[in-house]
Amino acid sequence: MKVDGLLFDPRSGMYIMLLKALEGEETLPIWIGKPEADSIALALGRVATPRPLTHDLLKNIIEELKLTVARVVVREIVDNTYYATLYVTDGENERPIDSRPSDAVAVALRTNSPIFVDETVIEKRNADELEEWLRNLKPEDFGNIM
């Protein structure tokens, strides 16, 4: 998947990270906080900051330890909370690291790592009828920040 955009939801005061399938029409909106949205926006815009921000620091630590981010997987949703795993590898051994999806995606964007969503998450989200809600959105419903 890829980050298709960031939207501001004025009703909740939160941001929405919209993930979209590289092939096909599947989308996954995940509500996130402002700091995470700002970090993702900086990564999408390839904006360099004078000093490393938190997700830049994580990238630097991973690289300094001679590891790479193999992939990020949004693996489940429980009580409207999404869970993700950041997989790091030294080339031989891979280690899963529990993460919030927004943090995992912010690191993935900085390391050019692939982003996946488990099919069960897409199915559960579809069962919650978010697809219909997304189809009925109008641009004026949100403040687009990307």
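Above this text sits the structure in question.
Residues numbered from 1 in each chain as written. Predicted model: local features only at pLDDT ≥ 70, side-chain atom pairs only at ≥ 80, totals over all residues. Heavy atoms only, no water.

Moving on, we get to the packing of aromatic side chains. As enumerated under the stated definition, the model contains one aromatic pair in all. Positioned over the ring face of Y87 is R71, at 4.0 Å from the centre of the ring. (Phe/Tyr/Trp six-rings, centres within 6.5 Å; stacked < 30°, edge-to-face > 60°. Lys NZ or Arg CZ within 6 Å of the ring centre and 35° of its normal.)

Here we come to the pattern of salt bridges. All chains considered together, the criterion is met by 10 salt bridges. As a salt-bridge pair, K2 and D4 come within 4.0 Å of each other at their nearest N and O atoms. A relative accessible area of 38% means that D4 is categorised as partly exposed. Among the ionic pairs, D98 bridges to R75, the shortest N-O distance being 3.0 Å. You can see D98 sitting in strand 6 (residues 94-99) and its partner R75 sitting in strand 4 (residues 68-78), a full 23 residues away along the chain. (Salt bridge = Lys/Arg side-chain N within 4 Å of Asp/Glu carboxyl O. Buried < 20%, exposed > 50% of the residue type's maximum accessible area, 1.4 Å probe, protein only. Helix = DSSP H or I, 4+ residues; strand = E, 2+ residues; numbered from the N terminus.)

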